[in-house]
Amino acid sequence: MIRSLHRWFGLIAAALLTVIALSGTALSVFPASEGLTIPVAQDISVAELAARIQSAEPSVEQIRRAPSGRITAYYFEGDQPASSIIDPATGTPVGSADTSAVERWLTNLHRSLLLDDSGRLIAAGGAGAMLALTLSGLFLLARRAGGWRSILKPAKGTGDVRLHAVISRLALPGLLLSSLTALWMTAATYDILPEGAGVPPFPSEVSGATGVQVASITVLQETPVDTLRSLSFPAAADATDAFTLKTDAGQGYIDQGNGDLLAWKASNWVDRLTDFLTMLHTGRGIAWLGLFLGVSALAVPVMSWTGLAVWFRGRGVKKGRSVPAGEADIIVLVGSEGGTTWGFAETLRKSLCEQGMRVHVGPMSGFDPARWPMAQRLILLAATYGDGEAPASAQGFLERFRRTPVKRGPSLAVLGFGDRSFPAYCGFAADVARLAEERGWVALLPYDTVDRQSPQDFARWGRDLAETLGLAFELNHLPTRPKTWELSLISRRDYGASVQATTVILRFALPKMSFWQRLTGNAFPQFEAGDLVGILPEGSQVPRFYSLASSTKDGFVEICVRKQPGGLCSGQLTALEPGQTVTAFVRSNPRFRPAHSGKPVILIGAGTGIGPLAGFARANKAHQPMYLYFGTRHPESDALYAEELSDWKEDGRLAGVSTAFSRTANPAYVQDILREDAARIGKLIAAGSQILVCGGRDMAAGVAAALSDILMPQGVSLATLKLEGRYAEDVY
């Protein structure tokens with residue numbers, strides 16, 4: 001429901017909100033400009049200010065002070081009314097007080113869309129839509145992150161989806177404040193709020209005298225200029241008139257004959273809150289806040305664009321008929337890192353629906369039995385990330401699963417997805433199954449696994465499920481091929497021939513994309529160093545993944561490849577010549593990248609594992625402290641990125657570079673140079689450093705052992721660093 005609310009409010013109100021937001025951004029510049037140009041405020045009383053102005057302009061009728069501190073006087077030049085900005089130090093005019101035509105037009109556009117009262121109501125509707133979008137977006141962000149505690153963790157997803165989430169996080173505070181204050185101001189305009197203190201009744205009796213010197217009026221002498229809103233002078237020929245004074249505290253009338261205060265009414269909380277919220281919304285008096293809100297408003301067209309792109313792209317996907325969770329009798333929850341497990345979930349859903357079941361499919365991060373009153377079965381399809389960790393769409397699941405009381409409810413089946421060649425095969429799914437047993441969940445099926453996305457394994461498990469449910473269906477899963485692009489090689493650098501370890505650094509051009517492809521979200525996705533590129537070798541439908549050594553900002557796709565004996569993909573890649581192409585796609589890997597915390601980063605790699613680490617260093621233009629430990633065979637044969645590493649160290653992108661060579665007179669491995677540098681590594685970890693490791697599994701195991709030995713005296717373990725998001729591996 002929240003997702004539908006967010007989507008449709010966004011789609012319907014996108015154009016309106018863009019106009020309001022952009023005009024608001026433009027208006028936010030004026031308070032800042034005003035703050036830089038108005039004369040310096042004076043620590044004087046209203047009496048002194050009024051006397052100075054009256055001396056310079058004897059016909060002055062009114063003095064106003066804006067929240068920014070700008071003093072404006074209204075008077076006559078001959079028989080023509082005039083207004084000027086006043087220098088409070090002298091009381092003399094220093095510039096015109098007229099609002100520029102541009103600011104006036106922008107204000108009318110922002111407040112009423114140039115349509116007077118009807119436009120004001122439409123603009124108010126826009127503020128209401130913005131409030132609904134920010135609140136629903138906040139709930140969706142929390143749900144996507146796996147709970148409120150994880151909402152500040154790095155955003156998941158790729159391309160427009162990730163950009164939408166990242167921009168939303170940054171802009172939400174400003175947009176929430178803008179929409180709330182706008183709605184309050186609208187309510188004040190249309191007298192919907194509780195009544196304020198109002199204006200005191202004009203005094204029934206005055207002295208009838210005139211001519212009191214404004215500088216001698218006690219009330220004005222006791223009123224600081226900083227609190228002044230306005231001071232109106234009495235009509236010169238009317239002895240029954242009086243001074244009208246308005247301040248932050250209230251307003252009242254002063255006798256023009258003797259200076260006595262005739263009437264006064266203090267402001268109440270409605271007046272004070274309205275004034276405060278108006279100041280927050282306009283930024284007048286708090287120019288920095290105005291600029292912050294203006295920058296936040298700039299996010300609206302970006303979010304409208306990315307939201308439309310995601311929706312437009314989603315229309316091209318055949319919609320499943322996943323029923324709402326509250327109406328489903330089978331709940332299927334998915335934990336997936338790259339997205340392929342969702343395809344298995346869809347195959348399962350279709351098969352069950354054909355049997356008349358009502359099935360809801362959602363992410364494991366949305367685990368909430370309270371929302372499934374009708375559910376009889378719960379099926380968890382859980383992939384594993386890295387070394388037995390939870391995938392992106394299952395963040396926070398184990399903790400929530402452990403906390404949730406086990407009541408009489410749905411029976412449970414856990415199916416793990418993984419790769420048997422990895423030591424922690426289906427480690428996360430196994431943890432879930434183990435915890436389910438410990439917590440006393442009723443088993444629908446014994447725990448089972450699917451190796452390397454095997455349709456056969458899935459079909460075998462499906463037959464067991466069908467038998468248990470007393471149904472007749474077969475899970476015929478056909479993997480969906482990811483959208484691919486042709487990448488053309490533009491350069492290659494060769495290493496390792498003399499040590500029988502052919503290695504190449506391949507650089508591909510980014511595909512050229514049309515405006516329509518960008519508009520509809522079909523452009524080559526944005527990527528960062530450390531993300532993965534899937535290469536589909538000729539003669540195979542199974543992709544091979546390589547860590548990217550470049551980002552979109554670099555303008556090319558770069559990978560580092562070593563030829564493997566009998567390797568189909570590595571053989572084709574290492575034989576590739578400039579001008580030739582490969583079929584590829586990009587997969588996000590947000591867990592393996594430096595945190596932008598400003599704290600040190602320890603980069604550890606060997607062989608082709610230098611690829612993403614080189615990409616991190618290349619992108620480190622902010623000079624975040626990065627220390628590279630790199631192992632390779634020989635300095636004369638396979639010193640990958642040697643020139644770049646030297647340049648990056650010299651220009652500060654790398655704070656340190658330590659290299660180990662295993663085929664020299666004094667052979668050493670990367671774990672050896674880590675032990676030699678144990679003191680510095682210990683200090684870096686104590687300073688909050690993050691560790692990123694890339695390379696072969698054996699190297700990673702050696703590195704982990706060395707680091708454990710180094711950190712043990714400090715009472716720090718790699719497990720702790722992993723939990724804190726400070727240790728990540730990309731191993732193969």
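The sections below set out a description of the structure shown in this document.

Parameters and conventions
- Residues numbered from 1 in each chain as written.
- Predicted model: local features only at pLDDT ≥ 70, side-chain atom pairs only at ≥ 80, totals over all residues.
- Heavy atoms only, no water.
- Helix = DSSP H or I, 4+ residues; strand = E, 2+ residues; numbered from the N terminus.
- Buried < 20%, exposed > 50% of the residue type's maximum accessible area, 1.4 Å probe, protein only.
- Polar contact = N/O pair within 3.5 Å; in protein donor to acceptor, adjacent residues only side chain to side chain.
- Pairing = 2+ DSSP bridges.
- Axes fitted to C-alpha atoms, helices over the stretch in contact; angles between N-to-C directions.
- Core = buried A, V, L, I, M, F, W, Y, C linked by side-chain atoms within 4.5 Å.
- Contact = heavy atoms within 4.5 Å.
- Parallel < 35°, antiparallel > 145°, perpendicular 65-115°, else oblique.
- Nonpolar A, V, L, I, M, F, W, Y, C, P; charged D, E, K, R; others polar.
- Salt bridge = Lys/Arg side-chain N within 4 Å of Asp/Glu carboxyl O.
- Left-handed = near helix turned anticlockwise from the far one by under 90°.

With that out of the way, let us pick up the side chain of Ser 23. Mapping Ser 23 onto the fold places it in helix H1 (residues 2–27). Classification of Ser 23 by relative accessible area gives buried; the value is 2%. Of note is the side chain of Ser 23, whose polar atom sits 2.9 Å from the backbone oxygen of Ile 20.

Once that is clear, we can look at the pairing of strand S19 (residues 581–587). Taking burial as the measure, the 7 residues of S19 include 5 buried ones, the bulk of the element. Here strand S14 (residues 485–495) pairs with S19 via 4 bridges, running antiparallel. Following the sheet pairing, Ser 488 is matched in S19 by Thr 581. Sheet topology places strand S16 (residues 532–536) next to S19; 5 bridges connect them, and they run antiparallel. When the sheet's bridge partners are listed, Val 533 is paired in S19 with Val 586.

As a further point, take the sheet that holds strand S24 (residues 727–731). With parallel pairing, the 5 strands of this open sheet are ordered in space as S22-S21-S20-S23-S24. Of all strands in the sheet, those bounded by a partner on one side alone are strand S22 (656–661) and S24. The mean angle between the axes of side-by-side strands here comes to 10 degrees, regardless of whether they run parallel or antiparallel. Both strand S23 (residues 690–695) and S24 contribute to a ladder of 5 bridges, which runs parallel. Pairing of Cys 694 across the sheet is with Asp 730, part of S24.

By size, the foremost hydrophobic cluster in this structure holds 27 residues, and its most contacted members are Met 364, Leu 378, Leu 380, Phe 397 and Phe 401. Breaking this core down by element, the ones donating at least two residues are strand S9 (330–335), strand S11 (377–383), helix H11 (397–403), strand S12 (411–418) and helix H12 (427–439). The greatest single-element share of this core, amounting to 6 residues, is contributed by H12. For Leu 380, the contacting residues outside a window of four places in its chain are Leu 333, Met 364, Phe 397, Leu 412, Ala 413, Val 414, Leu 415 and Val 432.

Moving on, we get to the packing of helix H19 (residues 678–686) against helix H20 (residues 697–711). Contact pair H19 / H20: the axes reach a minimum separation of 10 Å and the direction vectors enclose 75 degrees. The orientation of H19 relative to H20 falls into the category roughly perpendicular. Between H19 and H20, the contacting residues are Ala 678, Ile 681, Gly 682 and Ile 685 on the first element and Leu 707, Ile 710 and Leu 711 on the second. In the contact of H19 with H20, the residues fall into 6 nonpolar, 1 polar and no charged.

Looking at the element boundaries, Val 557 is found in strand S18 (residues 556–562). C-alpha separation for the pair Val 557 and Leu 289, spaced 268 residues apart in sequence, amounts to 40 Å. The residues touching Val 557, leaving out its near neighbours within four places in the chain, are Leu 487, Leu 506, Arg 507, Phe 508, Leu 510, Phe 524, Phe 527, Leu 548 and Ser 550.

Attention now goes to unusual backbone geometry. Glycine aside, a negative phi is what most residues show, and trans is what most peptide bonds show. Positive phi, close to 50 degrees, is recorded for Arg 452, a residue that is not glycine. Within the chain, Gln 453 stands out as a residue other than glycine whose phi angle is a positive 60 degrees. With respect to the element layout, Gln 453 can be found in the loop between strand S13 (448–451) and helix H13 (455–469).

One pass over the structure, following the stated rule, counts 21 salt bridges. Arg 358 serves as the salt-bridge partner of Glu 327, at 3.0 Å between the closest nitrogen and oxygen. Of this pair, Glu 327 sits in the loop between helix H9 (287–315) and S9 while Arg 358 is found in the loop between helix H10 (340–354) and strand S10 (359–363), placing the two residues 31 residues apart along the sequence. Glu 558 serves as the salt-bridge partner of Arg 507, at 2.8 Å between the closest nitrogen and oxygen. Here Glu 558 lies in strand S18 and Arg 507 lies in strand S15 (residues 503–509), a separation of 51 residues in the sequence. According to the relative accessible area criterion, Glu 558 is buried, its value standing at 1%. One connected set of salt bridges, linked through shared partners, spans Arg 229, Asp 248 and Asp 275.

Here we come to the packing of H10 against H13. At a closest axis distance of 12 Å, the pairing of H10 and H13 adopts a crossing angle of 30 degrees. The interaxial crossing formed by H10 with H13 has right-handed handedness. Between H10 and H13, the residues in contact are Phe 344, Thr 347, Leu 348 and Leu 352 and Phe 458, Trp 461, Leu 465 and Leu 469, respectively. When its residues are assigned to classes, the contact of H10 with H13 shows 7 nonpolar, 1 polar and no charged.

The strand order across the open sheet built from 6 strands is S17-S16-S19-S14-S15-S18, with neighbouring strands paired in antiparallel fashion. This sheet does not close on itself; its edge strands, each paired only once, are strand S17 (544–547) and S18. Strand-to-strand twist in this sheet, taken as the mean axis angle between neighbours without regard to direction, amounts to 40 degrees. Where S15 meets S18, 7 bridges bridge the pair, whose relative direction is antiparallel. From the neighbouring strand, Val 504 faces S18, where its bridge partner is Val 561. Against the sheet, helix H16 (residues 610–619) engages S15, S17 and S18, with an angle of about 145 degrees to S18.

By the secondary structure assignment, Gly 605 is in strand S20 (residues 601–606). Sequence separation between Gly 605 and Thr 659 is 54 residues, and the spatial gap between their C-alpha atoms is 9.8 Å. Leaving out residues up to four positions away in the same chain, Gly 605 has contacts with Leu 613, Tyr 629, Phe 630, Gly 631, Val 670, Cys 694 and Met 699.

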